[in-house]
Amino acid sequence: VAPYAEKSADVVQLTRRSAATKNSNRESFHGRSSPPEGLVTALHDIARGLEAEVLTHADRARTVDVRAMRASNTVSELLSSAGPSTLLVTELAGHHLVRLAELLDTPCLCLLGPDAPSARFVEAAARVGTVVLRADAGLEEAETRLRDLGVGVGREGPR
Amino acid sequence: VITFSAPIAGGDYASGGAASRGLKAVLVEARVDPEAVRRIMIAAYEAEMNVVIHAESGSLSAVVSKHAAIVEVVDEGPGIADLELAMQPGFSTAPPSAKAIGFGAGLGLPNIKKHVDDLRLESRPGRGTRLSFLVRLAARVGASSRPPSAFVEGLGAAVVARPAVCVATSGGPDEGATKNTEGRSA
């Protein structure tokens, strides 16, 4: 009991979700179909799963819950899936991603690739309240890892 | 009824989305349903970035009532030669500079169509393009349970006429462009 008592509510929530996932959905995750949207995964668990560094609002990474993700290098696809509990994952870089997150109330962006975003980008994201993660994984690898964590694809799904 | 109007600078990627951000502030202040705001923002940002990518200049204007938001994006750009082709997913004439940052996949106009309740697109090659869309708003507490049929059924007239009212109210450099557009469609 003690270890669970020490864990945050988010982690307990993830644990509960994972148990349900194991029973009903895990097989389908590896079959590339999406876990059901609506299950909650804590952002700091996602950061850990992607081995990502948190560039802005590290404190919020512990409180933000993610219900869906979208991994894409196309702005329209990211846009159509963006929402207040969606993680957007991309190899793109540029201020327009911050604007997109701002317009769609997206709580978190995960930038992929070896290059760190510019200081201007980080400042802009911090200003609008978006948590920015950066990971070395490629787009497909990141998407697979997120599916394995139980994060479903956002509303529109892959085109 | 709330009106909004903002200019759009062609080619200015850094400022792209500024007009949509202004519209969002208006919608949030008016306590528009968040899901409707989301749909409007998807369509408005796509339309605004089309101006940034393809045109010299343009404007975004909107009229928001209890029952619907009508948004019009007008530009003075190269226009669209084949509207049906432009609506096909995957068709794009965006330059490599836009594609390099994730735009120009040919999904913008289909994305707009998918998220709005009505869409109008008019263009004159060499002159410019006008895109108008309507998103119905959920009834709020104390509001009528459904929008007046005349408003929805008369969308065409509303789309054409109301942005002109909007521009006349707020003024700004885009006034001429909207008037010209209205004249073309009359």
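Sequence order sets the numbering: in each chain, residues are counted from 1 along the sequence as written. Working convention: letters from A go to chains and numbers from 1 go to ligands, in the order in which they are written. This being a predicted model, a pLDDT of at least 70 is required before a residue's local features are given, and a value of 80 or more before pairs of side-chain atoms are given or counted; all residues contribute to the totals for chains, interfaces and linings. Hydrogen atoms and water are omitted, and side-chain values are computed over all heavy atoms in the structure.

Q: So what exactly am I meant to see when it comes to the confidence of the model for chain A here?
A: Residues shown with low pLDDT carry predicted positions that ought not to be read at fine detail. Note on scores: pLDDT gives the predictor's confidence for each residue, bounded by 0 and 100. Per-residue pLDDT for chain A averages 79, and the proportion of residues at 70 or more is 73%. We call two residues in contact when some of their heavy atoms are within 4.5 Å. The low-confidence segment residues 1-33 of chain A (pLDDT under 50) makes 36 contacts with residues lying over four places distant or belonging to another chain.

Q: Help me understand the nonpolar core, please; the structure alone is not making it clear to me.
A: Nonpolar side chains tend to gather and get buried jointly when the protein is soluble and globular. Side-chain atoms within 4.5 Å link the members of a nonpolar core, which is a set of buried Ala, Val, Leu, Ile, Met, Phe, Trp, Tyr and Cys residues. To sort residues, take the accessible area from a 1.4 Å probe on protein chains only and compare it with the maximum for the residue type: under 20% means buried, over 50% means exposed, and anything in between is partly exposed. By size, the foremost hydrophobic cluster in this structure holds 60 residues, and its most contacted members are Leu23, Ile40, Leu60 and Phe133 of chain B. Only DSSP runs of H or I with at least four residues qualify as helices, and only runs of E with at least two residues qualify as strands; both kinds are numbered from the N terminus onward. A per-element tally of this core places helix α2 (residues 34-54) of chain B first, with 13 residues. Setting aside residues up to four positions removed in sequence, Phe133 of chain B forms contacts with Ile40, Ala43, Ala44, Ala69, Ile70, Val71, Ile112, Val116, Asp118 and Leu119 of chain B. Listed in part, the 24 residues of the second largest apolar core include Ala47, Val66, Met69 and Cys108 of chain A.

Q: Looking at this structure, I do not really get the side chain of Glu72 of chain B. What am I missing?
A: Looking at the secondary structure, you find Glu72 of chain B in strand β3 (residues 68-76). Judged by relative accessible area, which is 1%, Glu72 of chain B ranks as buried.

Q: Which parts of the structure should I look at to understand the interface of chain A and chain B?
A: In many analyses, interface size is given as the accessible surface area lost on bringing the parts together. At the interface, 22 residues of chain A touch 24 residues of chain B. Accessible area, probed at 1.4 Å, shrinks when two parts are joined; the buried area is that loss added up over both. Interface area for chain A against chain B, summed over the two sides, is near 1,900 Å², with a carbon-plus-sulfur share of 54%. Put simply, a salt bridge is a Lys or Arg side-chain nitrogen that is within 4 Å of an Asp or Glu carboxyl oxygen. Our count for the contact surface shared by chain A and chain B stands at two salt bridges. With its nearest N and O atoms 2.6 Å apart, the salt bridge here joins Lys24 of chain B to Asp105 of chain A. Polar contact is the term for a pair of N or O atoms within 3.5 Å; when the atoms are in protein, one must be able to donate a hydrogen and the other to accept it, and sequence-neighboring residues count only if both atoms are side-chain atoms. Our count for the contact surface shared by chain A and chain B stands at eleven residue pairs in polar contact (both at pLDDT 80 or more). Taken together, the elements giving at least two residues each to the side of chain A that touches chain B come down to α5 (75-81) and α6 (95-103) of chain A. In terms of residue count, the dominant contributor to the side of chain A that touches chain B is α5 of chain A (six residues). Amino acid classes used here: Ala, Val, Leu, Ile, Met, Phe, Trp, Tyr, Cys and Pro are nonpolar; Asp, Glu, Lys and Arg are charged; the rest, including Gly, are polar. Looking at the side of chain A that touches chain B residue by residue, the class counts come to six nonpolar, eight polar and eight charged.

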